[in-house]
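One-letter residues, chain by chain:
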Amino acid sequence: MIALSGSINSESVENSLQLLQVQLSDLSPSMALIAEDIREMEAEQFASAGAAGGTPWAALAPSTVKRKHGAGGILVSSGVLRDSLTDPESPDHVDAIDQLSLEFGTRLPYARFQQTGAGWGFGRAWPPPAPRHGHGVPMRPLLVLTADRQDRWVGFVARQIESQAPLLSVTELGTQV
């Protein structure tokens, strides 16, 4: 077995490590980038009727098309839901950032039923075959976290850490190892 032990006797190393700890305690710049990226992701999701997230939204029921008189697209009548997820100035937009976290979403209560489905549509992206009993809404995921997006967000944090991390030279590390 090989065992190594050592100590660092360097005030500059200690100072650099303390500075790094302080810098890592505030990831809010990365969280702001992630929030902006989520808004862009949501705009893509609405523009593609869900296809951008990998699950195209179910077509509107004929009764819904008739009620809307052909205006608007899937999940877009007034634009309030879309705006609540893409426009930080929307009164229904939720975007709370602190030093280590991000809360993102919408205050609109009906958004959850689009995300998960409801009634006969709960957990189903497509309506079941007729006859259906009762009411339902097919699942039309609004927030879809793809692996590519997650990798991008990790990259935002990694770049912030790299840009803030003090670089220590061999002389700063001291000679007692």
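Residues numbered from 1 in each chain as written. Predicted model: local features only at pLDDT ≥ 70, side-chain atom pairs only at ≥ 80, totals over all residues. Heavy atoms only, no water.

**Q** Could you give an account of the confidence of the model for the protein, with specific residues and numbers?
**A** Summary statistics for the protein give a mean pLDDT of 80 and a share of 74% for residues scoring 70 or more. Contacts for the low-pLDDT stretch residues 168–173, under 50 throughout, to residues beyond four places or in other chains number 10 contacts. (pLDDT = per-residue confidence, 0-100. Contact = heavy atoms within 4.5 Å.)

**Q** So what's going on with the environment of Ala111? Residues and values would help.
**A** With respect to the helices and strands, the residue Ala111 is situated in helix α5 (residues 111–116). Residue Ala111 is classed as buried on the basis of its relative accessible area of 6%. Leave out the neighbours within four places in its chain, and Ala111 touches Leu81, Thr106 and Leu142. (Helix = DSSP H or I, 4+ residues; strand = E, 2+ residues; numbered from the N terminus. Buried < 20%, exposed > 50% of the residue type's maximum accessible area, 1.4 Å probe, protein only.)

**Q** With reference to specific residues and values, describe unusual backbone geometry.
**A** The phi angle at Ala49 is positive, at roughly 50 degrees, despite the residue not being glycine. With respect to the helices and strands, the residue Ala49 is situated in the loop between α2 (28–47) and α3 (62–68). Positioned with a positive phi, Leu75 is a non-glycine residue whose angle comes to about 65 degrees. For Leu75, a relative accessible area of 14% corresponds to the buried category.

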